[in-house]
Amino acid sequence: MSSLTSHPPRRKPRSILPWLAMPALVMFLCFAVAPLIGVFVLSFTTWDGIGAIHPSGLRSWRTILTSPGLPHALWVTFLVMVVSWAVQTPLSILLGTFMAGRQRYRAVLGVVYFVPLLLSSAAIAIAYKALLDPNFGLGAGLKIDALVKDWLGRPWLAFGVVVFVVSWQFIPLHSLIYQGGVQQIPKSMYEAAQLDGAGRIRQFFSITLPQLKYTIITSSTLMVVGSLTFFDLIFILTEGGPADATRVLALDMYKRGWQASQMGPASAIAVVLVLVGLALALLLRRLAGPDAGASQLEGA
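The shown structure was predicted, so the numbers you read here are calculated from the model rather than taken from an experiment. (Residues numbered from 1 in each chain as written. Predicted model: local features only at pLDDT ≥ 70, side-chain atom pairs only at ≥ 80, totals over all residues. Heavy atoms only, no water.)

Q: Report on the packing of aromatic side chains, specifying residues and quantitative values.
A: By the definition in use, this model includes 10 aromatic pairs. Plain terms: the ring middles of Phe170 and Phe230 are 6.0 Å apart, the flat faces sit at 25° to each other, and that makes the pair stacked. Of this pair, Phe170 sits in helix α7 (residues 155-183) while Phe230 sits in the loop between α10 (213-227) and α11 (232-237), and the two are 60 residues apart along the sequence. The class of Phe170 is partly exposed, set by a relative accessible area of 23%. Their ring planes at 20° and their centres at 5.5 Å tell us that Phe231 and Phe235 sit as a pair that is stacked. (Phe/Tyr/Trp six-rings, centres within 6.5 Å; stacked < 30°, edge-to-face > 60°. Helix = DSSP H or I, 4+ residues; strand = E, 2+ residues; numbered from the N terminus. Buried < 20%, exposed > 50% of the residue type's maximum accessible area, 1.4 Å probe, protein only.)

Set out below in structure tokens:
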């Protein structure tokens, strides 16, 4: 009788994926989580940015929550968010759909549209501030009376300029996102629609838009959360004026922290910004539904 020899069970090879993710995790902890914890702790202190830090309990939070400037800054922030989203989303979808075509010149236009993303917000703000100057700007230089206005000196005009410049800068990014989303839609759906006699407009509303649902959610999340951090562009263009018409939360945080040397209240505003951004991101994630990830993978 031959004896059966038992072999020890083979060990499964250890995956190296967790180790590959370690550098990114360390960077995230050092440059995202740690600063957030530090800001949260500073919101319970009194500090002028130079001297010693003194614990002050809830004084900074009471100062912020009872300040009449906080509701106004929140209102302006949400107004910029909603209006810029309403401007950027349809234009980005149309440009993304246009650039997803096969014509050669569309690739060239895609590169041209991408140019604003290569410029810094500060440089864009300086350029537009010079162009909109009523005395030495584009309108005065070209002798066009319709452009010779105090664009940055009137509340609603200044607000409109901020929304326009923000949209001009970030529409290329979202157009690129939508271009990728349109290119993932199966061509067979359009071919079937053509056989049924559907034109391009009908195909756009019946096929393209429904298939871009999760792309719209992703783009909208980037727009909404990103609008909470608008600072340098608004600071250079209007400094929050006129009459605080463009004073968003991020700018209010800067003015309190660095101009008024109130780091405690400024840190409290930063925590409010993080909470608002997190709440909006979770809300948009709920709108996408529980099968958003699976649907995106199927579309890919």
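Q: Break down the pattern of salt bridges for me, with residues and values.
A: Applying the stated criterion to the full structure yields three salt bridges. A salt bridge links Arg247 to Asp252, with the nearest nitrogen and oxygen atoms 2.7 Å apart. Looking at Asp252, the relative accessible area reads 3%, which means it is buried. Between Arg256 and Asp252 there is a salt bridge, and its shortest N-O distance comes to 3.5 Å. Here Asp252 and Arg256 lie together in helix α12 (residues 249-259), a separation of four residues that amounts to about one turn. When its relative accessible area of 14% is taken as the criterion, Arg256 is described as buried. A single network of salt bridges, built from pairs that share partners, joins Asp244, Arg247, Asp252 and Arg256. (Salt bridge = Lys/Arg side-chain N within 4 Å of Asp/Glu carboxyl O.)

Q: Run through the side chain of Ser60, naming residues and quoting values.
A: For Ser60, the position within the fold is in helix α2 (residues 59-65). Given a relative accessible area of 4%, Ser60 falls into the buried group. Not counting chain neighbours up to four residues away, the residues in contact with Ser60 comprise Ser43, Thr45, Gly264 and Pro265. (Contact = heavy atoms within 4.5 Å.)

Q: Account for the packing of helix α8 (residues 187-195) against helix α9 (residues 200-211), naming residues and giving values.
A: Between α8 and α9, whose axes approach to 11 Å, the crossing angle comes to 160°. Taken together, the axis directions place α8 and α9 in an arrangement best described as roughly antiparallel. Note that α8 runs across α9; the crossing there is right-handed. Residues Met189, Tyr190, Ala193 and Gln194 of α8 touch α9, and the partners they reach there are Gln203, Ile207, Thr208 and Gln211. Residue composition of the contact of α8 with α9, by class: four nonpolar, four polar and no charged. (Axes fitted to C-alpha atoms, helices over the stretch in contact; angles between N-to-C directions. Parallel < 35°, antiparallel > 145°, perpendicular 65-115°, else oblique. Left-handed = near helix turned anticlockwise from the far one by under 90°. Nonpolar A, V, L, I, M, F, W, Y, C, P; charged D, E, K, R; others polar.)

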